[in-house]
Structures are given as structure tokens and as C-alpha cells.
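A look at the structure
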Amino acid sequence: MMELNTGMTDRLDLLNSEIQNYLLDRARPRHPAIEKLIESMQYSLEGGGKRFRPLLGLLLSEALGVGPKRVLSFLIAIEMIHTYSLIHDDLPCMDDDDFRRGKPSNHKKYGEALALLAGDAFLTEAFYLIAYDYADEPELAVKLIKLLSQAAGLAGMVGGQAIDVQDVLREKSLQELNLIHKLKTGALIQCVCEGVGQILGLANERQKILTRFGSNLGLAFQLADDVLDSQTEAESGSFPELIGYEETRRYLAEVTEEAQRSLRELGLNEGALFELVQFNSNRNS
Ligand code: GRG
């Protein structure tokens, strides 16, 4: 993982400072209640996440020969949507989790009303950020907004969550489990790849390969998560519960290989991005 480690601290520092600055600099009416809401947003945004999605976007952009400047705002918008989903997922009406990343979840620290609003604000601000920062390229801005709303809404993350929360008592088929995770986890990861491809103006054929890459990597990310969780206990509704631990690992290896095949087709068969895909399949957090 030589290449992956090189420059990783710099990439994380860049992402973290841009994310922090967005909330600090955002024009807003000065009111202590809004400042409190922003504090609760900072709490979740800074809370020790892996930043997998924006790092993936940065590495993809680098692999295609373009520095971070053009893609950064889009990637921060993605991380905001991801953060909103985690805050709302922890609420008592959803997964009811008191802890996230080893710390009290947002609603445990700030109360349910502020946690709900923090998620709402992230969801909305993500689209504001794209509209604002890509305003000079209106066609691109609309494309990115369309991609992200598709990935985050009914046809993506929210749709997947809707199947998941209403299916809790019924046994799932492998096909249904694949669908849930394709929507709930995969869509946003796929969106990172597609969005970066759009920003860099990739040709249609290459864009299609990128979509396939994102789709396989999204599934691989979920499978790796399930493998990791099952080391303590196979969670209900997870791949290991449905098909067993060994079969889940085999499936993960297959989907990882598929993702790497797409990178080879794009001529990106070495370097940090290729290593990130491998790293995901063995990750321990
Ligand atoms: C509430 C609309 C709504 C959606 C929630 C993504 C999601 C949908 C819920 C999270 C449930 C979950 C644990 C999914 C498993 C895979 C996953 C997305 C894990 C969390 O993402 P990481 O590992 O988190 O990237 P960090 O903490 O690193 O940012």
C-alpha cells in the first residue's frame, strides 16, 4: 500500500479544513440558536469518519491527472449527505443508536430536534454548495445536482433505507439484500465516481466504465463492512447472516476483482486508487 499511504495525511488535512471552513464561513443570520445548530453539525462532520467517499473522489481525480481544486466542492457535498444519513440513521425512530464512531451520537449530545435539523441542513447545504461553487459552469452544476439527488433520494439512499426499515421482520433474499445495499450504500459511492467523471469531462465510454466501477466498489464497501461487523456477531439482515461468512468473503473478492478490472480498462491499473480498492477488501474500520 505504498502509494496509498503517500500523501494521505495531506489529502485528509485538505478535506478536513475545507469541510470545517464551509460551515464557519457560511453566510447566515447571526443568532445563538443557529450557531448551536452549526456546532452540532461540526460535531458530526468532524467526528472521526474515514472520509472514504471524498478520498475516493480525490484519488480518482488524481489518477485521471487532475488536482483537487475542481472536484473538492462536489466531494464535500457528498460528505455532507453521508453525514446527514448517519445522523438520521442513529435517531430513535430509525436505528436508535446512542453511539457513533465511539462517541455519543448527535441526538444524544444535542437532542433529537437539533439532530434532525442538523441532518436536514446538511442535505440542503450540499446542494447549495454545488449550485454556488459550480455557478460559472451551469450545465455542469445541473448535471451534478441531478446525479446527487438521484443517488441520495428515492432512487438511491432514501429508497434503500425505506426498504430496509420496512423489511425488518421479514427474511430477505440475496437479490433483495443486494438491492438494499446498492441503493443505501452503493448509490452515493457510485455517484462520487460519476460526478468526478462529469467534472473532468470524460468521454461517454469511459464514463460508463466508471459507473460500473462505482457500482462494484459500492457493493464491495458494504460487503467489507458486513465482514468487519460479523467478526463480533453476524448482524441480522447482513450478507454473512444470509449466505455465511466464507461466502461473503468470496463475494467480496469477486466484486473487488470486478472493480479492479474496470480500473484496468481505464488504464488505471496501478497507484493509490487501485490500492484503495484492495485496501477496502481488507479494511479493519
Ligand atoms: C437515514 C436517509 C437515511 C439513510 C441512512 C447509509 C445509511 C442510510 C445508513 C447507515 C447504515 C449503515 C451502517 C450502513 C453500512 C455501510 C455504511 C454506509 C457505513 C457507514 O459509512 P462509513 O463507514 O462511515 O463510511 P464513517 O464513520 O467512516 O464516515
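Keep in mind it's a predicted model, so treat the numbers as computed, not measured.

What follows covers the overall build of the chain. Looking only at helices and strands, one finds 14 helices and two strands in the chain. Total accessible area on the chain is roughly 13900 Å²; 53% of this is exposed by carbon and sulfur atoms. Placing the 29 positive and 43 negative side-chain charges of the chain at their respective mean positions leaves the two points 3 Å apart.

As enumerated under the stated definition, the model contains 16 salt bridges in all. Of the charged contacts, one joins Glu137 and Arg70 as a salt bridge, the two residues approaching to 2.8 Å between their closest N and O atoms. Of this pair, Glu137 sits in the loop between helix 7 (112-133) and helix 8 (138-152) while Arg70 sits in the loop between helix 4 (52-63) and helix 5 (72-90); the two residues are 67 residues apart in sequence, bridging distant segments of the chain. By relative accessible area, Arg70 is classed as partly exposed at 32%. Lys208 serves as the salt-bridge partner of Glu205, at 3.5 Å between the closest nitrogen and oxygen. Here the residue Glu205 and the residue Lys208 both occupy positions in helix 11 (residues 204-230), the gap between them amounting to three residues, near one helical turn. Of the two residues examined, Glu205 and Lys208, each falls in the exposed class. Residues joined in a network through salt bridges with shared partners are Arg28, Arg30 and Glu35.

Here we come to the side chain of Asn106. If you trace the backbone, Asn106 turns up in helix 6 (residues 106-110). Of the residues examined, Asn106 reaches a relative accessible area of 4% and is grouped as buried. In this structure the side chain of Asn106 is engaged in a polar contact, spanning 2.9 Å, whose partner is the backbone oxygen of Ser40. Within the structure, the side chain of Asn106 is placed 2.9 Å from the side chain of Ser44, a separation counted as a polar contact. When neighbours within four sequence positions are excluded, Asn106 is seen to be in contact with Ser40, Tyr43, Ser44, Ile87, Gly111, Ala115 and Ala118.

Moving on to the environment of Glu254. Within the secondary structure, Glu254 is located in helix 13 (residues 245-265). Taking relative accessible area as the criterion, Glu254 reaches 40% and is therefore assigned partly exposed. Reaching out from Glu254, the side chain makes a polar contact with the side chain of Arg250 at a distance of 2.8 Å.

Taken together, Asp95, Asp96, Asp98, Glu112, Glu233 and Glu235 make up a surface patch of like negative charges. One can find Asp98 in the loop between helix 5 and strand 1 (99-100).

Turning our attention to the site of the ligand. Near the ligand you find 17 residues, and of these Lys50, Arg53, His82, Arg101 and Gln161 are the closest. The separation between an oxygen atom of the ligand and a polar side-chain atom of His82 is 2.7 Å. Contact between the ligand and Arg101: an oxygen atom at 2.7 Å from a side-chain N or O atom of the residue. In isolation the ligand exposes 700 Å². Once the protein is present, 88% of that is buried. When its residues are assigned to classes, the shell around the ligand shows four nonpolar, seven polar and six charged.

Reading guide: rules and limits
- Residues numbered from 1 in each chain as written.
- Predicted model: local features only at pLDDT ≥ 70, side-chain atom pairs only at ≥ 80, totals over all residues.
- Heavy atoms only, no water.
- Helix = DSSP H or I, 4+ residues; strand = E, 2+ residues; numbered from the N terminus.
- Areas by Shrake-Rupley, 256 points an atom, 1.4 Å probe, with all protein chains shown as cover.
- Lys, Arg positive; Asp, Glu negative; His and termini not counted.
- Charge placed at Lys NZ, Arg CZ, Asp CG, Glu CD.
- Salt bridge = Lys/Arg side-chain N within 4 Å of Asp/Glu carboxyl O.
- Buried < 20%, exposed > 50% of the residue type's maximum accessible area, 1.4 Å probe, protein only.
- Polar contact = N/O pair within 3.5 Å; in protein donor to acceptor, adjacent residues only side chain to side chain.
- Contact = heavy atoms within 4.5 Å.
- Patch = residues over 30% accessible without salt bridge, like charges linked within 9 Å, V, L, I, M, F, W, Y side chains within 5 Å.
- Near = heavy atom within 4 Å.
- Nonpolar A, V, L, I, M, F, W, Y, C, P; charged D, E, K, R; others polar.

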